[in-house]
Amino acid sequence: MDANKGKGEQGMQNPGGQMDRPVSFHFLESMLPKVVKRRVHALKRLQVQCANIEAKFYEEVHELERKYAALYQPLFDKRRDIVTGTAEPTDEECEWHSDREEEEELAEEVKEKAAIEDAKKEEATPQEDPKGIPEFWLTIFKSVDMLSDMLQEHDEPILKHLRDIQVKFSEPGQPMSFTLEFHFEPNGYFNNAVLTKVYKMKSEPDASEPFSFEGPEIIDCEGCQIDWHKGKDVTVKTIKKKQKHKGRGTVRTVTKQVPNDSFFNFFNPVKASPDGEMDEDSEFTLATDFEIGHFFRERIVPRAVLYFTGEALEDDESFEEEELEEGDEEEQDDEGDDDDDEGDDPKKEQPQPAECKQQ
């Protein structure tokens, strides 16, 4: 959470009293005596050095992430094997004590009756046990708003073949980046076994704006070429258009392909402009792409089972509600302050901003 959030816009103070409005830091600095301004410049140089040390800190954090990713991977491989049905967990591995045991005990009788009904149905129409956890990743995609917004109906049959999603970090000595790997079983849509999306990162202060540095940021991303089977590319659609000849008046039908909404456009992202000049729509699309990539890395891949069951969604919603309630309180406080200002004694001490809550 932004440390400044909730503090309100407080006026700059000076020895002669409190200013009514926030003052531009350029104006404030220009009003300082020359000898004081010189010392402020020295402090700014120190601040830049702090930012450079902070950048080194984040580089080491990246190395730690890479190190621990190797420790997580055997567990994620086990998860993949259970999801795909290539491994069956033991009874001991399946033991789990739910926090809702009392509710489960109350519902046990209902479950037993349901089990009897299911057994009768199976006797009437014998069915094989499902393999692994069917539609594991597709269920996650459909449950998470950020992903379901990209998902189209024609994407769903393809995502049923998604076996695993992995995060790979750049090797030591290489530019900072991470790669999302989407592993698919053989299917009738494309030949790729793995689809990749590389997110390139920067962890150093910008020379022109060193004080804006707040840690690593994604600066660009690169998708991959999907080797679609003929007629199976869901990222394009074929349309027919009639054209009339101006002179002869004859009509012909032209067939052409146009872009089509699909999750798989994720692998053909907008490219960041080297000079930083992009139109507003492209900037928004790229920023959204970066946010989705970060969400896969930080939330979806590490906590996949909790998004499958919906437990992680409940946590996310609780966090959003807490943020909203806090914002509402701030707005009400601001309104209250406005009311209190009416008729106040100018010499009366101004209220101090409330302490920010640390998330």
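Throughout what follows, the structure given in this document is the object of discussion. (Residues numbered from 1 in each chain as written. Predicted model: local features only at pLDDT ≥ 70, side-chain atom pairs only at ≥ 80, totals over all residues. Heavy atoms only, no water.)

### Digging into the overall build of the chain
Heads up, the rule is: Each helix is a run of DSSP H or I of at least 4 residues and each strand a run of E of at least 2, with the numbering of both proceeding from the N terminus. Classification of residues uses two cut-offs on accessible area relative to the type maximum, computed with a 1.4 Å probe and protein chains only: under 20% is buried, over 50% is exposed, and between them is partly exposed. Contacts are assigned to residue pairs with any non-hydrogen atoms lying within 4.5 Å of each other. Accessible surface is estimated by sampling points in the Shrake-Rupley manner with a 1.4 Å probe; for residues, cover comes only from the protein chains shown.
Counting its secondary structure elements, the chain contains 10 helices and eight strands. Within the chain, the fraction of its 359 residues that count as buried is 25%. Relative to all contacts within the chain whose residues are 6 or more apart in sequence, the contacts with residues 24 or more apart total 59%. Taken as a whole, the chain presents about 26,500 Å² of accessible surface, with 49% of it coming from carbon and sulfur.

### Describing the pairing of strand 8 (residues 251–259)
Just so we agree on the cut-off: At least two DSSP bridges between two strands are required for those strands to pair.
As paired strands, strand 7 (residues 236–244) and strand 8 are joined by nine bridges and run antiparallel to one another. Looking across to strand 8, one finds that Lys-241 is bridged to Val-254. The turn joining strand 7 and strand 8, which pair antiparallel and follow one another in sequence, is formed by six residues; a positive phi near 80 degrees is taken by Gly-249.

### Topic: the pattern of salt bridges
Our working definition: A pairing counts as a salt bridge when a side-chain nitrogen of Lys or Arg comes within 4 Å of a carboxyl oxygen of Asp or Glu.
By the definition in use, this model includes 14 salt bridges. Put simply, Glu-171 and Arg-66 hold a salt bridge, and the shortest N to O gap is 3.8 Å. Within this pair, whereas Glu-171 is found in the loop between strand 3 (162–169) and strand 4 (177–184), its partner Arg-66 is found in helix 2 (residues 34–84), the two being separated by 105 residues in sequence. For Arg-66, a relative accessible area of 25% gives the class partly exposed. Residues Lys-271 and Asp-220 are paired through a salt bridge, measuring 3.4 Å at the closest nitrogen-oxygen approach. Within this pair, whereas Lys-271 is found in the loop between strand 8 and helix 8 (280–300), its partner Asp-220 is found in strand 6 (residues 217–222), the two being separated by 51 residues in sequence. With relative accessibility at 14%, the residue Asp-220 sits in the buried group. Connected through salt bridges with shared partners, the residues Glu-63, Arg-66 and Glu-171 form a single ionic network.

### A few points about the nonpolar core
How we decide: As used in this record, nonpolar core signifies buried Ala, Val, Leu, Ile, Met, Phe, Trp, Tyr and Cys residues forming a set joined through side-chain atoms within 4.5 Å.
Judged by nonpolar contacts, the single largest core of 47 residues is most densely connected at Phe-141, Phe-182, Phe-263, Phe-264 and Phe-296. Take this core: its biggest share by element is six residues, from helix 8. Beyond its immediate chain neighbours, meaning those up to four positions away, Phe-296 contacts Phe-141, Leu-147, Ile-165, Leu-180, Phe-182, Phe-266, Val-301 and Pro-302.

### Focus: the sheet that holds strand 6
Put simply, the rule reads: Where helices are involved, their axes are fitted lines through C-alpha atoms of the stretch in contact, as for all axes, and angles between N-to-C directions lie from 0 to 180°.
Strand order in the open sheet formed by four strands is 3-4-5-6, and the pairing between neighbours is antiparallel. With partners counted over all chains shown, the strands left at the sheet margins are strand 3 and strand 6, one partner each. Strand-to-strand twist of the sheet, defined as the mean angle between neighbouring strand axes without regard to direction, takes the value 20 degrees. Where strand 4 meets strand 5 (residues 194–202), seven bridges bridge the pair, whose relative direction is antiparallel. Note that in strand 5 the partner of Phe-178 across the bridge is Tyr-199. Each of strand 3 and strand 4 is contacted by helix 5 (residues 136–143), which is oriented at about 75 degrees to strand 3, the strand it contacts most.

### Digging into the packing of aromatic side chains
Our working definition: Stacked, edge-to-face and tilted labels apply to pairs of Phe, Tyr and Trp rings (six-membered ring for Trp) whose centres lie within 6.5 Å, assigned for plane angles under 30 degrees, over 60, and everything in between, in that order.
One pass over the full model with this rule turns up 24 aromatic pairs. Seen from their ring centres, Tyr-58 and Phe-213 are 6.2 Å apart, and the 70 degrees between their planes marks the pair as edge-to-face. A residue pair is termed long-range when its members are at least 10 positions apart, and Tyr-58 in helix 2 and Phe-213 in the loop between strand 5 and strand 6 qualify at 155 residues. A relative accessible area of 12% means that Phe-213 is categorised as buried. These aromatic residues form a ring-pair network of at least three members: Phe-141, Phe-182, Phe-184, Phe-190, Trp-228, Phe-263, Phe-264, Phe-266, Phe-267 and Phe-296.

### Points about helix 2
An α-helix turns once per 3.6 residues; consequently, residues spaced three or four apart project the same way. Formally: The span you would expect from a helix comes to 1.5 Å times its residue count less one.
Over its 51 residues, helix 2 runs 70 Å from end to end, which matches the ideal 75 Å to within 8%, given 1.5 Å per residue. Among the residues making up helix 2, those that are buried are Ala-51, Ala-55, His-62, Ala-69, Gln-73, Phe-76, Arg-79, Val-83 and Thr-84. Where helix 2 is buried, its residues meet helix 5, strand 3, strand 4 and helix 9 (304–309). Positive backbone phi, at 85 degrees, marks Gly-85, one or two positions downstream of helix 2.

### Considerations on the environment of Glu-135
Inspection of the secondary structure assignment puts Glu-135 in the loop between helix 4 (108–124) and helix 5. Judged by its relative accessible area of 36%, Glu-135 is partly exposed. Here the alpha-carbon distance between Glu-135 and Leu-159, two residues 24 residues apart in the chain, equals 7.9 Å. Setting aside anything within four residues of it in sequence, one finds Glu-135 in contact with Lys-160 and Phe-308.

### Notes on the side chain of Lys-197
We count it as follows: For the purposes of these results, a polar contact is taken to be a pair of N or O atoms within 3.5 Å, where, inside protein, one atom must be able to donate a hydrogen and its partner to accept one; residues adjacent in sequence count only when each atom of the pair is a side-chain atom.
With respect to the helices and strands, the residue Lys-197 is situated in strand 5. Judged by its relative accessible area of 0%, Lys-197 is buried. A polar contact is formed between the side chain of Lys-197 and the backbone oxygen of Phe-266, at a distance of 2.6 Å.

### Regarding the pairing of strand 4
The buried fraction of strand 4 amounts to eight of the eight residues, a majority that puts the element mostly inside the structure. Burial along strand 4 is two-sided: the residues Ser-177, Thr-179, Glu-181 and His-183 and Phe-178, Leu-180, Phe-182 and Phe-184 are all buried. Judged from the seven bridges that link them, strand 3 and strand 4 form a sheet pairing that is antiparallel. In the sheet register, Ile-165 faces strand 4, and the bridge partner there is Phe-182.

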